[in-house]
Amino acid sequence: MAHSVLFLTKYTALAASTRQRVLQYLDAVRAAGFAPTVQPLFSDRYLRQSFARVHSWRRSAEVLRCLLRRWRLLMCEIEHYNLVFVQYEALPYLPLWFSRNLLRADVRLVTDYDDAIHLNYEQHLLRPLGHWLRGNIPTLIAHSRQVIVGNRRLAEWAQQSNAHVTLIPTAVDLYKYADAPTTAAHSPIVIGWIGTPSTANYLRMLELPLRALRQRHAFTLKVIGAPDFQMGGVDVCAHGWDESRESADLRSFDIGIMPVRDDEWGRGKSAFKLIQYLAAGVPAVASAVGANCDVVQDNVNGFLAVSDDEWLSKLSLLIEQPTLRARFAAAGRPLIEQQYSLQANAPRFVRVLEQALES
């Protein structure tokens, strides 16, 4: 008889965190004898409104409706499952009392984190509220049979509350990147970035070096997932994200970029953009922050940059030297195959579920 698993994700398949850290593993989960059920907290409508920064009473009502539905599930249904998998937290911004059923000794709980979301409480502008709720996540981790994290920084943080922590990076399905990337550069060169409207703010870090680069070289900045993005002094081609063309969009880049701020949030981020670039055979330049330094070995399979001058010089080198781009691309793909692919990490994901049942 299959072991039933309830996956409590924060979002639907519209969010990369749900697609890459839960949904793509479900075939392997079923093959291992589990019967998965996925219940997202927030709807597609809520996520689209978040991307568009829509704030209205309707959005507030949608949040309340989603929280109430999740609370009812926690109160009435989790006892029917052999295992409960929670992505981030069950009921964000509510006292843990509302999620108390997850803390029962008979609930086999697995939690998953690919961002430093505990900072949402620790650095909350309303300090009394943040102080009141900052224990929610550590308590949930402490009651978990197993904890999954996306990078080393998060592993160190989670191990303060639980010894049973497994690092499984956010991974890509190699079959989606099976087509060989083109070796011919576009004219002009395409420097690419992929993300969401909210994370597109990281691109603002590069306004000065990209404008300076434009004075040296012709290039197009292609932005996927933030269709309204513009940058003065830089030729920008921006459009929305579409899963059906994601891999083709990535392969249309000559160079990928991943700027990240060197702060607590940035150090806790997973390097998923870099993983996508390298899987698609795209050489990359990234901020020398957090998990980026685990994926990119400077001047081996990409470049790491600290200052505006380094961003400018390293992007210039990649534009000027097609053989360097080809060398980085050739060195990047094997790393993804070995450490950051669905094929490499699916057995580890399944084993975590099995260990949670056995404990």
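The model shown is predicted, which means the values in this text are computed figures rather than measured ones.

Conventions we followed
Residues numbered from 1 in each chain as written. Predicted model: local features only at pLDDT ≥ 70, side-chain atom pairs only at ≥ 80, totals over all residues. Heavy atoms only, no water. Buried < 20%, exposed > 50% of the residue type's maximum accessible area, 1.4 Å probe, protein only. Helix = DSSP H or I, 4+ residues; strand = E, 2+ residues; numbered from the N terminus. Arc of directions from axis to C-beta. Contact = heavy atoms within 4.5 Å. Phe/Tyr/Trp six-rings, centres within 6.5 Å; stacked < 30°, edge-to-face > 60°. 1 Å grid on protein atoms, 1.4 Å probe; cavity = no way out; pocket = protein on both sides within 12 Å on 5 of 7 lines; lining within 4 Å. Points joined across faces, edges and corners; volume = space filled by probe spheres on them. Nonpolar A, V, L, I, M, F, W, Y, C, P; charged D, E, K, R; others polar. Pairing = 2+ DSSP bridges. Axes fitted to C-alpha atoms, helices over the stretch in contact; angles between N-to-C directions. Salt bridge = Lys/Arg side-chain N within 4 Å of Asp/Glu carboxyl O.

(A) Representation of helix α9 (residues 207-216) within the structure. Those residues of α9 lying buried are Glu207, Pro209, Leu210 and Leu213. Angular distribution of buried residues about the axis of α9 spans 165°; they occupy a single face of the element. Away from its buried face, by an angle of more than 90 degrees, α9 presents the exposed residues Leu208 and Gln215. Those residues of α9 hidden inside the fold are in contact with β7 (189-194), β8 (219-224) and α14 (308-320).

(B) Looking closely at the packing of aromatic side chains. The full count for this structure, using the stated rule, is 10 aromatic pairs. Pairing Phe253 with Tyr277 gives two aromatic rings, centres 6.0 Å apart and planes at 65°, and the pair type is edge-to-face. Here Phe253, found in the loop between α10 (246-251) and β10 (255-258), pairs with Tyr277, found in helix α12 (residues 272-279); they are 24 residues apart in sequence, far enough to count as distant. Here Phe253 matches Tyr277 in class, with each residue buried. Joined through ring pairs, the aromatic side chains of Phe7, Tyr25, Phe85 and Phe349 make up one cluster.

(C) Summary view of empty space enclosed by the protein. The tally for this structure, following the rule as stated, stands at 3 cavities of 30 Å³ or more. Approximately 50 Å³ is the volume found for the largest cavity. Forming the walls of the largest cavity are Gln20, Gln24, Val172, Asp173, Lys176, Tyr177, Glu246, Phe272 and Gln276. Partitioning the lining of the largest cavity into residue classes produces 3 nonpolar, 3 polar and 3 charged.

(D) Structural view of the pairing of strand β4 (residues 109-113). Counted residue by residue, β4 has 5 buried out of 5 residues, so it is predominantly covered. Here β4 shows two buried faces, one formed by Leu109, Thr111 and Tyr113 and the other by Val110 and Asp112. The pairing of strand β3 (residues 83-87) with β4 spans 4 bridges and is classified as parallel. Looking across to β4, one finds that Val86 is bridged to Thr111. As paired strands, β4 and strand β5 (residues 146-149) are joined by 4 bridges and run parallel to one another. Note that in β5 the partner of Thr111 across the bridge is Val147.

(E) Main features of the environment of Ala178. Position of Ala178 relative to the elements: it lies in the loop between β6 (165-167) and β7. The class of Ala178 is exposed, set by a relative accessible area of 53%. Sequence-wise, Ala178 and Asp27 are 151 residues apart; in three dimensions their C-alpha atoms are separated by 19 Å.

(F) Quick look at the sheet that holds strand β9 (residues 236-239). In spatial order, the strands read β9-β8-β7-β10-β11-β12; together these 6 strands make up an open sheet with parallel pairing. The open sheet has two edge strands with one neighbour each: β9 and β12 (303-305). Going across the sheet, the axis of each strand differs from the next one's by a mean of 25°, ignoring polarity. Here 4 bridges tie β8 to β9, and the two strands are oriented parallel to one another. The partner of Ile224 across the bridge, within β9, is His239.

(G) Representation of the pattern of salt bridges in the model. Under the definition given, this model contains 19 salt bridges. The partner of Arg65 in a salt bridge is Glu62, and the shortest N-O contact between them spans 3.0 Å. Of this pair, Arg65 and Glu62 both sit in helix α4 (residues 57-76), 3 residues apart, roughly one helical turn. When its relative accessible area of 3% is taken as the criterion, Glu62 is described as buried. Between Arg267 and Glu264 there is a salt bridge whose closest N-O contact spans 2.7 Å. With Arg267 and Glu264 both in helix α11 (residues 264-268) and 3 residues apart, the pair spans about one turn of that helix. Through salt bridges with shared partners, a single ionic network connects Arg153, Asp262, Glu264 and Arg267.

(H) Quick look at the sheet that holds β4. Reading across the sheet, the 6 strands line up as β2-β1-β3-β4-β5-β6 and stay open at both edges, with parallel pairing between neighbours. Both edges of this open sheet fall to β2 (34-38) and β6, since each of them pairs with a single strand only. The sheet shows a mean angle of 20° between the axes of neighbouring strands, taken without regard to direction. In this structure, β5 lies alongside β6, joined through 3 bridges in parallel fashion. Looking across to β6, one finds that Ile148 is bridged to Thr166.

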